[in-house]
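So the chains spell out like this:
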Amino acid sequence: MKEIKAFIHKDRISEVVAALNASGCRSSDERTGCRSINVAAVQSLTSPAEGEEQHYSMELAETVVREWKLELFCEDEQTDQLVKVIAQAASIGRGIAGWIFVTEVVSSIPILGPSKYGPPN
C-alpha cells in the first residue's frame, strides 16, 4: 500500500478532485482500492508560481503561499495511474505548481465499530 501526498496550487484543487473521481480509483469496499482521500488548506514557506500569490502570515511572521494538501492511500498497482492523474490535473502550464510525494505504508488497520463481544480489555 502507498500514501500519495500532494501539495497543489490553490486554483487547481477542484480539478484534481474531479479528475480523481473520474479516474474510477475510489472503491466502495473500504479495505481495497483508493481510500481515505483528505484535503486541507495549508500555508507553505515555498516560492510562489506567481509573485502575487505570496502574502505575509502574522501567525508565522513569514511570507507564505496558500495551497492545498491532498492525501490518499491506494494499492501499489494504482500508484502510477493516480500520480499521473494528480500531476496532469494540478498542472498550471508553467513552472512548478506543487509537489507529489509517494511513501510506503507499512500497515493499515481499520477502526471498527463495537464488537458483539464488548469493548476491548
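For every chain, the first residue of its written sequence is number 1, and the numbers climb from 1 along that sequence. It should be noted that, the model being predicted, local features are given only for residues of pLDDT at least 70 and side-chain atom pairs only at 80 or more, the latter also being counted only at that level, while totals for whole chains, interfaces and linings use all residues. Side-chain metrics in this entry use all non-hydrogen atoms of the structure; hydrogen atoms and water are not considered.

Undergrad: Which residues make up the overall build of the chain, and what values go with them?
TA: Of the regular secondary structure elements, the chain holds two helices and five strands. Helices and strands appear in the chain in the N-to-C order β-α-β-β-β-α-β. Accessibility here uses a 1.4 Å probe with only protein chains present; expressed as a share of the type maximum, an area under 20% marks a residue as buried, one over 50% as exposed, and anything in between as partly exposed. Within the chain, buried positions represent 29% of all 121 residues. Residue contacts are counted whenever heavy atoms from the two residues lie within 4.5 Å of one another. Of the contacts made within the chain by residues no fewer than 6 positions apart, 74% connect residues no fewer than 24 positions apart. Only carbon and sulfur atoms are counted for the fraction: they give 53% of the accessible area of the chain, which is about 8,100 Å². Only runs of H or I of at least four residues qualify as helices and only runs of E of at least two qualify as strands under DSSP, and these elements are numbered from the N terminus. Methods summary: accessible areas were calculated by the Shrake-Rupley approach with a probe of 1.4 Å, and residue burial reflects only the protein chains presented.

Undergrad: Which residues make up the environment of Glu3, and what values do they have?
TA: Among the secondary structure elements, Glu3 is positioned in strand S1 (residues 2–9). Since its relative accessible area comes to 16%, Glu3 is described here as buried. Residues Glu3 and Cys34 lie 31 residues apart in sequence; the distance between their C-alpha atoms is 9.7 Å. Setting aside residues no more than four positions away along its own chain, Glu3 makes contact with Glu71, Leu72, Phe73, Phe101, Val102, Thr103 and Val105.

Undergrad: Describe the nonpolar core, and please don't skip the residues or the numbers.
TA: Counting 16 residues, the largest nonpolar core has Ile8, Val16, Leu20, Leu70, Leu72, Leu82 and Ile86 as its most contacted members. When residues of this core are traced back to their parent elements, those giving at least two are S1, helix H1 (13–22), strand S4 (62–74) and helix H2 (79–90). With five residues, H2 is the largest single contributor of residues to this core. Put simply, a nonpolar core is a bunch of buried Ala, Val, Leu, Ile, Met, Phe, Trp, Tyr and Cys residues held in one set by side-chain atoms that sit within 4.5 Å of each other.

Undergrad: Would you mind going over the packing of H1 against H2 in detail, with residue names and values included?
TA: To obtain an axis, a line is fitted to C-alpha atoms, over the contacting stretch when the element is a helix, and the angle between two such axes runs from 0 to 180 degrees between their N-to-C directions. The interhelical angle for the contact between H1 and H2, taken along N-to-C directions, is 145°, at an axis separation of 8 Å. At the point where H1 passes H2, the crossing takes the right-handed sense. Here Glu15, Val16, Ala19 and Leu20 of H1 come into contact with H2, specifically with Leu82, Val85, Ile86, Ala89 and Ala90. Three categories are distinguished: nonpolar for Ala, Val, Leu, Ile, Met, Phe, Trp, Tyr, Cys and Pro, charged for Asp, Glu, Lys and Arg, and polar for the others, with Gly belonging to the last. Looking at side-chain class alone, the contact of H1 with H2 contains eight nonpolar, no polar and one charged residues. Each crossing is labelled by how the near helix is turned from the far one, with a counterclockwise turn of less than a right angle marking it left-handed and a clockwise turn marking it right-handed.

Undergrad: Quick rundown of the side chain of Ser44? Include the residues and the values.
TA: Considering the arrangement of structural elements, one finds Ser44 in strand S2 (residues 35–44). Residue Ser44 is classed as buried on the basis of its relative accessible area of 9%. N or O atoms within 3.5 Å of each other form a polar contact, as long as, within protein, one can give a hydrogen and the other can take it, and as long as residues adjacent in sequence are counted only when both atoms are side-chain atoms. Side chain to side chain, Ser44 and Glu67 meet in a polar contact 2.2 Å long. Those residues in contact with Ser44, other than ones at most four positions away along the chain, are Thr63, Val64, Val65 and Glu67.

Undergrad: A description of the pattern of salt bridges should follow, citing residues and the corresponding values.
TA: Side chains that carry opposite charge are capable of pairing whenever their charged atoms lie near each other. Salt-bridge detection follows one rule: a side-chain nitrogen of Lys or Arg within 4 Å of a carboxyl oxygen of Asp or Glu. All chains considered together, the criterion is met by six salt bridges. Here Lys2 ties to Glu104 by a salt bridge, and the two come within 2.7 Å at their closest N and O atoms. With Lys2 in strand S1 and Glu104 in strand S5 (residues 98–104), this pair connects stretches of sequence that are 102 residues apart. For Lys2, a relative accessible area of 18% translates into the label buried.

Undergrad: So, a nonpolar patch on the surface: which residues are in play, and what are the values?
TA: Patch building starts from residues that exceed 30% relative accessible area and form no salt bridge, then joins like charges within 9 Å and nonpolar side chains (Val, Leu, Ile, Met, Phe, Trp, Tyr) within 5 Å. There is a patch of nonpolar side chains on the surface, built from Ile96, Trp99 and Phe101 and spanning about 370 Å² of accessible area. Among the secondary structure elements, Trp99 is positioned in strand S5. Judged by relative accessible area, Trp99 falls into the exposed class, the value being 52%.

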